[in-house]
Amino acid sequence: MVSTTIDNRGLHPPEPMVRILEALGTLPPGDELRALMDREPMMLYRELERRAWQWRFGEEDGIFVLTISRAPK
Amino acid sequence: MTGLRPRESPPLGVVAPFFVAAPLGLIGAGWMLMHSGDDSFLAVNTGTLVAATHAAVLGWLTLSIMGVIYQLGPAVLGGRLVSVRLAQAQFVLHVASVSVFVLAAADWHIQIMGTAAVGLVISFSLFLVNAFPAIRWFRGGPLARWYMSVALVFLVATGGVGVSFVGALEHGWFPITQGTLAGHVHLGLLGFIGLMVMGSSYQLLPMFQVAHSTHPKFGPVALPITLTAITLGAITLMTNPGPEVRVVIALAMILGPGLWAADIVNILRTRSRRTFEFQGQATMISLGFLGLAAVLGIMAAIGQPVAPGEPARLQLAYGVLAIGGWFGVTVIGNSFKVVPFIVWNARYLEKAGTQPVPLLAELVNEPWRNATLLLHVVGVLVVASAALAGSLLLLHVGGFVLLLAGLSDFSALLFIILRREVPVRRPVPGVFQR
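Worth saying up front: this structure is predicted, and the values here are computed from it rather than measured.

Parameters and conventions
Residues numbered from 1 in each chain as written. Chains lettered and ligands numbered in written order. Predicted model: local features only at pLDDT ≥ 70, side-chain atom pairs only at ≥ 80, totals over all residues. Heavy atoms only, no water. Helix = DSSP H or I, 4+ residues; strand = E, 2+ residues; numbered from the N terminus. Rg over C-alpha atoms; globule rule 2.2 N^0.38 Å. Buried < 20%, exposed > 50% of the residue type's maximum accessible area, 1.4 Å probe, protein only. Phe/Tyr/Trp six-rings, centres within 6.5 Å; stacked < 30°, edge-to-face > 60°. Lys NZ or Arg CZ within 6 Å of the ring centre and 35° of its normal. Contact = heavy atoms within 4.5 Å. Buried area = accessible area lost by both parts, 1.4 Å probe. Salt bridge = Lys/Arg side-chain N within 4 Å of Asp/Glu carboxyl O. Polar contact = N/O pair within 3.5 Å; in protein donor to acceptor, adjacent residues only side chain to side chain. pLDDT = per-residue confidence, 0-100. Expected span 1.5 Å × (residues − 1). Axes fitted to C-alpha atoms, helices over the stretch in contact; angles between N-to-C directions. Parallel < 35°, antiparallel > 145°, perpendicular 65-115°, else oblique. Nonpolar A, V, L, I, M, F, W, Y, C, P; charged D, E, K, R; others polar. Pairing = 2+ DSSP bridges. Patch = residues over 30% accessible without salt bridge, like charges linked within 9 Å, V, L, I, M, F, W, Y side chains within 5 Å. Areas by Shrake-Rupley, 256 points an atom, 1.4 Å probe, with all protein chains shown as cover.

## Observations concerning the overall build of chain A
- Helix and strand counts for chain A stand at 2 helices and 4 strands.
- Put simply, chain A runs from its N terminus to its C terminus through helices and strands in the order β-α-β-α-β-β.
- Since a compact globule built from 73 residues should have a radius of gyration of about 11 Å, the 11 Å found for chain A is in line with a globular shape.
- Overall, chain A is about 30 × 25 × 20 Å in size when its C-alpha atoms are taken along their principal axes.
- Residue burial in chain A is summarised as follows: out of 73 residues, 56% are buried.

## Side note on the packing of aromatic side chains
- Inspection of the entire model under this criterion finds 13 aromatic pairs over all chains.
- Between Tyr70(B) and Phe127(B), the ring centres sit 5.7 Å apart and the planes meet at 70 degrees, which makes this aromatic pair edge-to-face. Here Phe127(B) lies in helix α4 (residues 110-135) and Tyr70(B) lies in helix α2 (residues 47-76), a separation of 57 residues in the sequence. Here the two residues Tyr70(B) and Phe127(B) agree in accessibility, since each one is buried.
- Members of the aromatic cluster, joined through ring pairs, are Phe18(B), Tyr70(B), Phe91(B) and Phe127(B).
- When the ring centre of Trp53(A) is taken as reference, the NZ or CZ atom of Arg70(A) above it lies at 3.9 Å.

## What about the interface of chain B and chain A?
- With 34 residues of chain B at the contact, the number on the chain A side is 29 residues.
- The junction of chain B with chain A conceals about 2,900 Å² of combined surface from both sides, 58% of it contributed by carbon and sulfur atoms.
- Our count for the chain B to chain A interface comes out at 1 salt bridge.
- Taking the shortest distance from any N to any O, the salt bridge between Arg50(A) and Glu350(B) comes out at 3.4 Å.
- Summed over the shared surface of chain B and chain A, the result is 7 residue pairs in polar contact (both at pLDDT 80 or more).
- Those elements that place two or more of their residues in the side of chain B that touches chain A are α6 (178-209) and α10 (313-347) of chain B.

## Structural notes on the confidence of the model for chain A
- Considering every residue of chain A, the mean pLDDT works out to 90; 100% of them sit at 70 or more.
- In the model of chain A, helix α2 (residues 42-50) of chain A stands out as the element of lowest mean pLDDT, 88, in contrast to strand β2 (residues 32-37) of chain A, which has the highest, 94.

## Side note on the environment of Leu403(B)
All names here are of chain B.
- The topology assignment puts Leu-403 in helix α13 (residues 392-418).
- For Leu-403, a relative accessible area of 11% puts it in the buried group.
- With 27 residues separating them in the primary sequence, Leu-403 and His-376 have C-alpha atoms 8.7 Å apart.
- Ignoring any residue separated from it by four or fewer positions in sequence, one finds Leu-403 in contact with Ile-27, Gly-30, Trp-31 and Met-34.

## Topic: helix α9 (residues 278-302) of chain B
- Taking 1.5 Å of rise per residue, the 25 residues of α9(B) would be expected to cover 36 Å, and the 36 Å separating its terminal C-alpha atoms lies within 8% of that figure.
- Positive phi shows up at Gly303(B), right after α9(B), with a value of about 85 degrees.

## Observations regarding the packing of α10(B) against α13(B)
Residue and element names in this part refer to chain B.
- Two numbers describe how α10 lies on α13: the axes approach to 10 Å, and their chain directions differ by 10 degrees. When the axes of α10 and α13 are compared, the pair comes out roughly parallel. Where α10 abuts α13, its residues Leu-316, Ile-332, Ser-335, Phe-336, Val-339, Pro-340, Val-343 and Arg-347 lie against Leu-395, Asp-409, Ala-412, Leu-413, Ile-416 and Ile-417.
- In terms of residue class, the contact of α10 with α13 is built from 11 nonpolar, 1 polar and 2 charged.

## Considerations on the sheet that holds strand β3 (residues 53-60) of chain A
Residue and element names in this part refer to chain A.
- Strands sit in the order β1-β2-β4-β3 across an open sheet of 4 strands; the sheet is mixed. Looking along the sheet, the strands with just one partner apiece sit at the ends: β1 (3-7) and β3. With strand direction ignored, the average angle separating the axes of adjacent strands in the sheet is 20 degrees.
- For β3 and strand β4 (residues 63-70), the ladder comprises 8 bridges, and the chain directions are antiparallel. The residue bridging Trp-53 from the neighbouring strand is Arg-70, located in β4.
- Sheet contacts for helix α1 (residues 15-25): β1, β2, β3 and β4; angle to β2, the most-contacted strand, approximately 165 degrees.
- Sitting on the sheet, α2 touches β3 and β4, and the angle it makes with β3 is about 145 degrees.

## Some points on a nonpolar patch on the surface
- A surface patch of nonpolar side chains, about 350 Å² in accessible area, is lined by Trp137(B), Phe138(B), Trp146(B) and Val153(B).
- Along the polypeptide, Trp137(B) turns up in the loop between α4 and α5 (143-171).

Rendered as structure tokens:
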């Protein structure tokens, strides 16, 4: 599995969400997307759910990281 | 609740009219100030000043607040509207009632004011039917919900007192004194509008400024302090107390907003983005106006007029700085975030990720938006200076500048909503780290 990372820190809403959804559109099957965030993207979760992605949100070395991959069918 | 629920928002056509129609109130207030007479410095309850105040408060500020409640409630606070049609009917009734009330007040037609007041009572009642479940009234949770819940209680109290005033004018139930007027004004302005502004700022500022300080230090304390100060203060003011008591009330009323202001500065200090953009700038300007209003409020409480024979000059300046400065600048700052955001949710959320979509900044005409704020700030300062200097000419000029600010605000917000073709300037993010 290849992990692609985008840095969304310092961006105003809804740009982090737009960048994540755009990046997911080009994500090869089986890969995962890691997004560095300023905070938990509450508004994005509904969209990920609707578009059949699964995610986990956590903190790594003091940085919030959202990891997204295709939800199993 | 698993997060924000933008898809639960009412349709754009329901919420947007509240935000777009709101600046018409500012236009009305500016127009009334332009036509105010030389009695404006003698008493704050002259026809044109009552008309200007209610155009600004019931028209501009209240319509904006109603829009925020209808939008934030379902999308952010997890509530729901009882009926979208009810909200639409309430909008029409409110705009009509405020328009009639303001025009009647300008000519002091008490019977027509009474009829319009009935319309306003029905409008606010219909609003509350939707607003209570929209914000999930007093259900704990976010600080914004607590502030808004208490503010709605003060709205009911202010409405009750306001209706009794119309009855007093028509039937002579009781004399309307400076004290009873001050009690009513502070119930409405600090109790309803002030707490709504404070509560919505706790929600909107961290949300749009991406602030790291999401647990305000003073917010939970500032609310009970403000609630107590307004309740006891308004009741006491209605008994026409002496200057010593008025100063104590003024200091107590300032304490809560002062603590809130400290929280707001902290939220802005911990924002993630280094650039200090429009909403943050407007918020800081509004805090400056809050400080000025607090100083003049204390001076007005002391009751020493700035000029013999013209006792209303200080009160007028105080009112303009609080209504136009603190509340008004905050409303302008937030509306240029909220309106593009609801437009974005309605038109672009679905498309995001599948085709290029604009961001909020691209939906707004920035020079137009900045001109709106500049005109408004200049207008407020000119009107406040006119009151302090006792210059009727300057008061008319200030009214004209506020009218221009209202026109600019109205057209800039309408532009955001009506503009269908928005060029996407932002490059699609290409290569990422792998």
